[in-house]
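Take a look at the letters that make up each chain.
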Amino acid sequence: MGYSSTTGAMGAFRSLFLFFWITAWYSSLVYADNQVPLRGAEENQPKRIAVIGAGSGGASTAHFLRKYADYFKVPVNITVYERASYVGGRSTTVNVFDDPSIPVELGASIFVEVNRNLVKAAKEFGLLTETAFSARPRDSDDSLGVWDGQRFVYQQQDTSFWWNIAKLLWKYGLAPVRTQRLMKQTVNKFLGLYESPLFPFSSLSDAANAASLLDATVSTGAEFLERNGVSADFSREIIQASTRVNYGQNLPLIHGLETMVCMAAEGAISIQGGNWRIFDAMLKASGAEVRLNTSVASINQKEDGTLSVSSTTGHSAAEQSEFDEVVIAGPLQEAGLTISPELDHVPDRIPYVELHVTLFASPHRISPQYFNSGASSVPETILTTLPQGLDLGSRRDGVGPTGFWSISTLQKVKAPSQSEEHYVYKIFSPQRLSAQFVADILGLDREAESTKAATNPTIGDLPREDVSWFYEKTWHSYPYLYPRVTFEEISLAPHIWYTSGIESFISTMETSSLMGKNVAALIARSWLDKPDQDTEEEWNHWDKAEL
Ligand SMILES: Cc1cc2nc3c(=O)[nH]c(=O)nc-3n(C[C@H](O)[C@H](O)[C@H](O)COP(=O)(O)OP(=O)(O)OC[C@H]3O[C@@H](n4cnc5c(N)ncnc54)[C@H](O)[C@@H]3O)c2cc1C
Ligand SMILES: *[C@@H]1O[C@H](CO)[C@@H](O)[C@H](O)[C@H]1NC(C)=O
Ligand SMILES: *[C@@H]1O[C@H](CO)[C@@H](O)[C@H](O)[C@H]1NC(C)=O
């Protein structure tokens, strides 16, 4: 079932891509033995690079810049600005009962074995991975169920790799096989972006086209699946459950490529202690100066091309620093940046999903009654879909009768100063959860005094004996992935780079990392003289530089 055995096919793809790519390929590199990257006396000064954002994109930019700089023997001084007090961005953990020995993911929780950058970095930095869902308590009959607001339309016992293919085949006939095949083809095309002749790419639109991926991004998931012969019931009951838990979007909205990403769940893993550890390790290895609690307010390009970055830490006065390159490694619309003069390419404002994540601990199990179930337990992971016959089209408020996207039982933990074990749950919803909803799914019939007293009671108003710990967070988690065939520019102006345009293509930790690496390679390439080079030769550089 692995999709790593595709190198043969990649060869054929490669030569095809070369044809498309050749026209877009103007700049290039020197060979290792005649590398003469330095152009003048002033070039002996370290290249000064500012990276704004210490999430996957920014950390990967710094990590690969260091590798390329070392390989090409170019001195660099990298500064990473992060307005939050922690490294990781949307990849971060919180501690159950505030106990640092029980971290749980608040944002991005899993990646998969085909995510090359993350897998490689985890190995390089000696970080331990664990199979996704390995901590789940396993005391329900079913591990996974898909709820439509009335009934469970699908249930399965094991989560060996999330979807049980045998069970799916039995229930849906050929649709799962077709989906699997389509997913593998799509993943293989995507992997072309990591290699010669596509990598590094100065235009994501061109690279996506050359990789033949626009066929998937041009249509909605619903259209893409139908066109490829995947039945409507399988799409709605299984694939849409996946696009909803992963992106809070139904198939008539989200594009075909991101739909396929949702089905590529094989080999789902996470880093013990938190995925943010990858990005922390990357930043440490890069030797970058990481400035936490420091917000960049403006970028000002001077006549000579250098960039003046103004930042503030806490309440102290604004500080200016000069740089040769600036990388914006987070969604521009949320960065609060003033940039002058105006950018050559101003990224569009992209609508982002507002996702409410509620983590909580409780001695209670999820109530089978709430789910109209006569069974003694409900599935540990409850995904949702729309009931048959209800078509909400491309509406953003598409959650439907279930009211939530997913409920996962993460693990059982010992409650502090109690002998009892409590369950830790994670709920994704488009709105803040009401106290009533939480009480209902836990099967609590009593209404507490504290809850009655509050005007709009929420989880914090429930008694401590029922909810022993909770954490609520509202994210702008990922874009609404409407079908499209062009993506934001990577070079926004001379020496100003942007990683987050890739989120409208695929929004994951891995793709942000890929774009960080790509920007690092584009910057490194700009340091070098530009003899005409064969792309295969150039690829050897990027490949070797990573060692
Ligand atoms: C709840 C949730 C679940 C998810 N699940 C998954 C999953 O299972 N797997 C997966 O791969 N992906 C998942 N994702 C998506 C994933 O988290 C993102 O795609 C990825 O982390 C984005 O990384 P990034 O570096 O591009 O952006 P971010 O992580 O957002 O990093 C940008 C950083 O820039 C900083 N910043 C912004 N402006 C400024 C400024 N002016 N000055 C200084 N700093 C600034 C921000 O504070 C932030 O830390 C999930 C996301 C959420 C929210
Ligand atoms: C790197 O750049 C920062 C910010 O401009 C500066 O404070 C620091 O002294 C520089 N470090 C080196 C080693 O040049
Ligand atoms: C950042 O700010 C937080 C709280 O505002 C503080 O606890 C933390 O120590 C600060 N971190 C750094 C590195 O300054």
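Not measured: the values here are computed from a predicted model.

**Brief notes about the pattern of salt bridges**
- Scanning the entire structure with this criterion turns up 19 salt bridges.
- Salt-bridge contacts for Arg48 lead to Asp324; the nearest nitrogen and oxygen are separated by 3.1 Å. With Arg48 in strand E1 (residues 47-52) and Asp324 in the loop between strand E12 (319-323) and strand E13 (325-328), this residue pair connects regions lying 276 residues apart in the sequence.
- A residue is classified by how much of its surface remains accessible, and Arg48, at 27% relative accessible area, is partly exposed.
- Between Glu503 and Arg90 there is a salt bridge, and its shortest N-O distance comes to 2.7 Å. Here Arg90 lies in the loop between strand E2 (76-81) and strand E3 (93-95) and Glu503 lies in the loop between strand E21 (496-498) and helix H15 (509-527), a separation of 413 residues in the sequence.
- On the basis of relative accessible area, Glu503 is assigned to the buried category, the value being 3%.

**Comments concerning the sheet that holds E12**
- Read across the open sheet, the four strands follow the order E12-E11-E10-E14; overall the sheet is mixed. The open sheet has two edge strands, E12 and strand E14 (338-340), and neither has a second partner. The mean angle between the axes of side-by-side strands here comes to 25°, regardless of whether they run parallel or antiparallel.
- Alignment of strand E10 (residues 294-301) against E14, held across three bridges, turns out to be parallel. Looking at the pairing, Asn300 lines up with Ser340 of E14.

**Re unusual backbone geometry**
- Here Phe199 and Pro200 are connected by a cis peptide whose omega angle stands at -5°.
- Looking at the secondary structure, you find Pro200 in the loop between helix H5 (175-191) and helix H6 (204-210).
- Residue Ser340 is joined to Pro341 through a cis peptide bond whose omega torsion reads -10°.
- Within the fold, Pro341 resides in the loop between E14 and strand E15 (352-362).
- A positive phi angle, near 55°, is found at Phe97, a position not held by glycine.
- Despite not being glycine, Ser212 shows a phi value in the positive range, around 60°.
- Counting through the fold element by element, Ser212 comes out in the loop between H6 and helix H7 (214-217).

**A short note on the packing of H5 against helix H10 (residues 256-263)**
- At their nearest, the axes of H5 and H10 sit 9 Å apart, and the two run at 110° to each other. Accordingly, the angle class assigned to the pair H5 and H10 is roughly perpendicular. Each of Thr179, Leu182, Met183 and Thr186 in H5 lies in contact with H10, whose residues at this interface are Leu257, Met260 and Met263.
- A per-class count over the contact of H5 with H10 returns five nonpolar, two polar and no charged.

**Notes on the packing of aromatic side chains**
- Under the defined criterion, the tally for this structure stands at 20 aromatic pairs.
- Plain terms: the ring middles of Tyr370 and Phe371 are 4.9 Å apart, the flat faces sit at 75° to each other, and that makes the pair edge-to-face.
- A cation over a ring is seen here: Arg396 above Tyr480, with NZ or CZ 5.1 Å from the ring centre.
- Between the NZ or CZ atom of Lys517 and the centre of the ring of Phe199, over which it lies, the distance is 5.3 Å.

**Digging into H10**
- Burial analysis of H10 places seven of its eight residues in the buried class, which makes it a mostly covered element.
- Gly256, Leu257, Glu258, Thr259, Met260, Cys262 and Met263 are the residues of H10 that are buried.
- The elements touched by buried residues of H10 are H5, H7, helix H8 (221-227) and helix H9 (232-247).

**Examining the pairing of E13**
- The side-chain alternation of E13 yields two buried faces, one formed by Glu325 and Val327 and the other by Val326 and Ile328.
- By the bridge criterion, four bridges tie E1 to E13 in an arrangement that is parallel. Each bridged residue has a counterpart across the sheet, and for Ile49 the counterpart in E13 is Glu325.
- Sheet topology note: the E13/E21 ladder contains three bridges and is parallel. Residue Ile328 lies in a different strand from E21, and its bridge partner there is Tyr498.

**Describing helix H2 (residues 56-72)**
- The end-to-end C-alpha distance of H2, which contains 17 residues, comes to 24 Å, matching closely the 24 Å that a straight helix rising 1.5 Å per residue would cover.
- The first or second residue beyond H2 is Lys73, which carries a positive phi of 55°.

**Things to note about the packing of helix H3 (residues 116-124) against H15**
- Packing of H3 against H15 brings their axes to within 8 Å, and their N-to-C directions diverge by 85°. Between H3 and H15, the interaxial angle falls into the category roughly perpendicular. Where H3 abuts H15, its residues Arg116, Asn117 and Leu118 lie against Met509, Glu510, Ser513, Leu514 and Lys517.
- Residues belonging to the contact of H3 with H15 are distributed by class as follows: three nonpolar, two polar and three charged.

What counts, and where the lines are drawn
Residues numbered from 1 in each chain as written. Chains lettered and ligands numbered in written order. Predicted model: local features only at pLDDT ≥ 70, side-chain atom pairs only at ≥ 80, totals over all residues. Heavy atoms only, no water. Salt bridge = Lys/Arg side-chain N within 4 Å of Asp/Glu carboxyl O. Helix = DSSP H or I, 4+ residues; strand = E, 2+ residues; numbered from the N terminus. Buried < 20%, exposed > 50% of the residue type's maximum accessible area, 1.4 Å probe, protein only. Pairing = 2+ DSSP bridges. Axes fitted to C-alpha atoms, helices over the stretch in contact; angles between N-to-C directions. Parallel < 35°, antiparallel > 145°, perpendicular 65-115°, else oblique. Contact = heavy atoms within 4.5 Å. Nonpolar A, V, L, I, M, F, W, Y, C, P; charged D, E, K, R; others polar. Phe/Tyr/Trp six-rings, centres within 6.5 Å; stacked < 30°, edge-to-face > 60°. Lys NZ or Arg CZ within 6 Å of the ring centre and 35° of its normal. Expected span 1.5 Å × (residues − 1).

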